[in-house]
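Spelled out from the first residue to the last, the chains are:
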Amino acid sequence: MESAFSSADLSAIWLTFKLAAVVTVILLLVGTPIAWWLARTRSWWKGPVGAVVALPIVLPPTVIGFYLLVAMGPNGPLGHLTQALGIGLLPFTFAGLVIASVFYSLPFVVQPLQNAFEAIPERALETAATLRASASDTFFSVALPLAKPGLLTASVLGFAHTVGEFGVVLMIGGNIPDKTRVVSVQIYDHVEAMEYAAAHWLSAGMVVFAFVVLLLLYTFNPTGKRK
Amino acid sequence: MIHARFDLSYPGFALHADLQVHAHGVTALFGPSGSGKTTLLRCIAGLERTANGLLQVKGEVWQDGANFLPVHRRPLGYVFQEASLFPHLSVRRNLEYGLKRIPPVQRKVQLEQVVEWLGLNKLIGRDSPAGLSGGERQRVAIARALLTSPRLLLMDEPLSALDAASKHEIMPYLERLHGELDIPVIYVSHALDEVARLADQLVLMEQGRVIASGALNEILGRLDLPTAHLDDAGAVIEASVAAHDEKYHLTRLDFSGGSLWVSKVERAIGSMVRARVLARDVSIATAAPQGSSISNILEARIDRIQDEGPDRVSLRMTVGSGQILLSRITRRSRDQLNLAIGMEVFAQVKSVALIA
């Protein structure tokens, strides 16, 4: 056997990992403050914001993709903005894919983080304050370390979920080699072309990847419950 | 002085506290659960924010109208009921948490010193506080608070979550802090024996209000306050170790009103001790008792008599120049002996507990 993967397959695999890595980093930066706010606020806005964040869990990816496509299109608000900034239009670009994936995977990062933050006793934060730590100091020196298991879960789920997306990619990114053709789309192409062997290799690879990642997560991540 | 005035209300609870106490020694906030002790302490720390609060500590304003010094800017130490050690930090890093956050010029105590005081030498090397006993955890928490060199130490029932053995273990450390450290302490407790051991001043709280405050002796000696109705009501006597009787294994304690013999204590002659005489352990005789096995008999003058339920009365007496003694006897005994205010009697002390 020469090689299980064609160069187009390898390119799709590389693109998928690049997309998932960039999206995971952005999600942690964006999702952490949202999760912290949701975990601590007593505001009336907690419900609506939490619901919006959770929408991608229940909506078909095509719906999210459709609206993002409209928003990023030449007549959408995001499209106007990007055009005014001289960036051009985002659909069918890697950047557009990143933005769409951030929306799509947001709940998978925010919810584990929110649970982890909610599990931190108020007393730990109060104790830090009586030991001269300001609010931001307390966040970095007490809250984040105590939320470490949640942080790990959030990163893994965010990454894995982005790797596994299909519908949103198809709506926003299309199927452009090296730019937006990720593994799930590549598998679709193989099946369309009746290349079942190639589809098998990629699909089995995805199964193994997903299993190993989740196995590592469930085996090594301490559950947030500690005494 | 420490002057604190807070008004705060929650559904089902209101705090209207106005408090002025000396800013030295240990001030105990004492009262039944739900009386607002902890809430008052949290207000002083800034953990509860009230709209109209006033807090002055040794002339510095920490809170006044619109001015509110946030918790982390207040030079205080806080020991919670549960030790609240950070589980993700080693014991040493827990101790250093506050220490690292104050400027070096403000550090009045060294880590080694505090570790020594609280007997933490064997614990400081632990990677995590997880394996520590309740008493050990609380000692680490106290040390951690002290290492911020606080100008006021707030303790919220630090012993109440501990079993009897841990309490016993930690008490000497608290007494030592009291003796060696010049930091005013506000100590919340609902256990009278703890208060009698540790406090210099006593603040009584009931239903969110301060109902009395003053020197420990003075407050414990008042029959009009709820402390007088407690089963373990009694007087505290500050005395000096005067003599040891090796043959009978006894020690004589002298105080302003006379002396008391107690089981021998290993203290140097001249050292000060604190003894507690419960009201129920003091009986009254109108003539000097003959042939009694009770060796501690003090001449006293009755200054107050108060009914204590249908069958008992409480007596307040003065011994010598101002030492107060309480006694609880039956109403029948009072009538049979014709006890009245101003009478000179003999107080027979059945038992003296040396508490510090």
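Basis of the calculations
Throughout, a residue's number is its position along its own chain's written sequence, starting from 1. Each chain is given a letter, starting from A, and each ligand a number, starting from 1, according to the order in which they appear as written. It should be noted that, the model being predicted, local features are given only for residues of pLDDT at least 70 and side-chain atom pairs only at 80 or more, the latter also being counted only at that level, while totals for whole chains, interfaces and linings use all residues. In DSSP terms, a helix is any run of H or I states spanning at least four residues, a strand is any run of E spanning at least two, and both are numbered starting from the N terminus. Every radius of gyration here is taken over C-alpha atoms, with the globule rule written as 2.2 Å times N^0.38, N being the number of residues. Counting other C-beta atoms within 10 Å of each residue's C-beta, where C-beta atoms are placed from the backbone, gives the exposure class: buried for 20 or more, exposed for 12 or fewer, partly exposed between. Contact between two residues is assigned whenever their backbone-derived C-beta positions fall within 7 Å. Each domain span listed reflects an automatic or database assignment of domains. Put simply, Ala, Val, Leu, Ile, Met, Phe, Trp, Tyr, Cys and Pro go in the nonpolar bin, Asp, Glu, Lys and Arg in the charged bin, and everything else, Gly too, in the polar bin. A helix is expected to reach a length of 1.5 Å times the quantity of its residues less one. Strands are labelled as partners when DSSP assigns at least two bridges between them. Axes, fitted as lines to C-alpha atoms, cover a helix only where it is in contact. Angles between the N-to-C directions of the axes lie from 0 to 180 degrees. Joined through C-beta atoms within 7 Å, a set of buried Ala, Val, Leu, Ile, Met, Phe, Trp, Tyr and Cys residues constitutes a nonpolar core. The predictor attaches a confidence to each residue, and that confidence, scored 0 to 100, is pLDDT. These descriptions rest on fixed angle ranges, namely under 35 degrees for roughly parallel, over 145 for roughly antiparallel, 65 to 115 for roughly perpendicular, and the rest for oblique. A crossing counts as left-handed when the near helix is turned anticlockwise from the far one by less than a right angle, and as right-handed when that turn is clockwise.

**Thoughts on the overall build of chain B**
1) Next: In terms of helices and strands, chain B carries 8 helices and 21 strands.
2) Next: Since a compact globule built from 356 residues should have a radius of gyration of about 21 Å, the 22 Å found for chain B is in line with a globular shape.
3) Next: If one aligns the C-alpha atoms of chain B with their principal axes, the spans along those axes are about 65 × 50 × 35 Å.
4) Next: Out of the 356 residues belonging to chain B, those deemed buried represent 41%.
5) Next: Considering only contacts in chain B between residues 6 or more positions apart, those separated by 24 or more positions represent 66%.

**Overview of the overall build of chain A**
1) Next: Looking only at helices and strands, chain A has 11 helices and 0 strands in total.
2) Next: Ordered by position in the sequence, the α and β elements of chain A form the string α-α-α-α-α-α-α-α-α-α-α.
3) Next: C-alpha extents for chain A along the principal axes are approximately 65 × 45 × 30 Å.
4) Next: For chain A, buried positions account for 37% of its 227 residues.
5) Next: Contacts in chain A between residues far apart in sequence, at least 24 positions, make up 73% of those at least 6 positions apart.

**Digging into the domain arrangement of chain B**
All names here are of chain B.
1) Next: Domain boundaries in chain B define domain 1 (2-220) and domain 2 (234-354).
2) Next: For domain 1 versus domain 2, the distance between C-alpha centres works out to 33 Å.
3) Next: Counting residues at the interface gives 4 residues for domain 1 and 4 residues for domain 2.
4) Next: Looking at the side of domain 1 that touches domain 2, the element that brings in the most residues is helix α7 (residues 216-220), giving 3 residues.
5) Next: When the residues that make up the side of domain 1 that touches domain 2 are grouped by side-chain class, the tally is 3 nonpolar, 1 polar and no charged.

**Thoughts on unusual backbone geometry**
Across residues other than glycine, the phi torsion is negative in most instances, and most of the peptide bonds are trans.
Residue and element names in this part refer to chain A.
1) Next: Within the chain, Met194 stands out as a residue other than glycine whose phi angle is a positive 65 degrees.
2) Next: By secondary structure assignment, the location of Met194 is in the loop between α10 (183-192) and α11 (196-220).
3) Next: Residue classification places Met194 among the exposed positions, given that 9 C-beta atoms sit within 10 Å.

**Observations regarding helix α8 (residues 148-163) of chain A**
1) Next: Between its terminal C-alpha atoms α8(A) stretches 23 Å, which fits the 22 Å expected from 16 residues at 1.5 Å a residue.
2) Next: Burial of α8(A) is extensive: 13 of the 16 residues sit out of reach of the surface.

**Some thoughts on the interface of chain B and chain A**
1) Next: With 19 residues of chain B at the contact, the number on the chain A side is 15 residues.
2) Next: Those elements that place two or more of their residues in the side of chain B that touches chain A are β7 (76-79) and α2 (91-99) of chain B.
3) Next: Per-element tally for the side of chain B that touches chain A: the top contributor is β7(B), with 3 residues.
4) Next: The residue inventory of the side of chain B that touches chain A, partitioned by class, reads 11 nonpolar, 6 polar and 2 charged.

**Some words on the sheet that holds strand β20 (residues 344-349) of chain B**
Residue and element names in this part refer to chain B.
1) Next: The 5 strands are arranged β16-β20-β17-β18-β19 in an open sheet whose pairing can be described as antiparallel. A strand with exactly one partner marks an edge of an open sheet, and here the two such strands are β16 (282-285) and β19 (323-330). For this sheet, the mean angle separating the axes of adjacent strands, direction not counted, is 45 degrees.
2) Next: Bridge count for strand β17 (residues 296-308) against β20 is 6 bridges, and the pairing is antiparallel.

**Section: the environment of B:Arg274**
All names here are of chain B.
1) Next: Along the chain, the position of Arg274 falls in strand β15 (residues 272-278).
2) Next: Classification of Arg274 by C-beta neighbours within 10 Å gives partly exposed; the count is 18.
3) Next: Arg274 sits 38 residues away from Val236 along the chain, and the two C-alpha atoms are 6.8 Å apart.
4) Next: Residues in contact with Arg274, not counting those within four places in the same chain, are Val236, Glu238, Ile355 and Ala356.

**As for the pairing of strand β11 (residues 209-215) of chain B**
1) Next: Two strands pair when backbone bridges link them, and strand β10 (residues 201-206) of chain B and β11(B) are joined in this way by 6 bridges, in the antiparallel orientation. For B:Leu204, the partnering residue across the bridge sits in β11(B) and is B:Ala212.

**Quick notes on the nonpolar core**
1) Next: Grouped together as the largest cluster of nonpolar side chains are 147 residues, with contacts concentrated most on B:Ala28, B:Ala143, B:Leu154, B:Leu202 and B:Leu325.
2) Next: The element contributing the most residues to this core is helix α5 (residues 94-118) of chain A, with 12 residues.
3) Next: Beyond its immediate stretch of four places on either side in the chain, B:Leu325 contacts B:Ala235, B:Val277, B:Val282, B:Leu298, B:Ala300, B:Met317, B:Val319 and B:Ala347.

**Describing the confidence of the model for chain B**
1) Next: Of the residues in chain B, 100% have a pLDDT of 70 or more, and the chain-wide mean is 90.
2) Next: Reported confidences for the modelled complex are a pTM of 0.86 and an ipTM of 0.86.

**Structural notes on the sheet that holds strand β14 (residues 258-263) of chain B**
Residues and elements named next belong to chain B.
1) Next: The strand order across the open sheet formed by 5 strands is β14-β13-β12-β15-β21, and the pairing between neighbours is antiparallel. Both edges of this open sheet fall to β14 and β21 (353-354), since each of them pairs with a single strand only.
2) Next: Examined bridge by bridge, strand β13 (residues 250-255) and β14 share 6 bridges and lie antiparallel to one another. Bridge pairing in β14 places Asp254 opposite Ser259.

**Focus on the packing of α10(A) against α11(A)**
Axes are the key here: two packed helices are described by the angle between their axes and the distance separating the axes.
Residues and elements named next belong to chain A.
1) Next: Put simply, α10 and α11 touch, their axes get as near as 8 Å, and they point 150 degrees apart. With respect to α11, the axis of α10 lies roughly antiparallel. When you trace α10 past α11, the crossing you get is left-handed. From α10, Val183, Gln186, Ile187, His190 and Val191 reach across to α11, where they touch Ala198, Ala199, Leu202, Ser203 and Met206.
2) Next: Of the residues assigned to the contact of α10 with α11, the class counts are 7 nonpolar, 3 polar and no charged.

**What about the environment of A:Gly150?**
1) Next: Here A:Gly150 shows up in helix α8.
2) Next: Taking the C-alpha atoms as reference points, A:Gly150 and A:Ala129, separated by 21 residues in sequence, lie 23 Å from one another.

**Focus: the pairing of β13(B)**
All names here are of chain B.
1) Next: What you see with β13 is a clean split: Thr251, Leu253 and Phe255 sit on the buried side and Leu250, Arg252 and Asp254 on the side with no burial.
2) Next: Sheet topology places strand β12 (residues 234-245) next to β13; 5 bridges connect them, and they run antiparallel. Paired with His244 across the two strands is Thr251, which belongs to β13.
3) Next: Count of turn residues in the β12/β13 antiparallel hairpin: 4 residues, of which His249 carries a positive phi of about 60 degrees.
4) Next: As consecutive antiparallel partners, β13 and β14 are separated by 2 residues.

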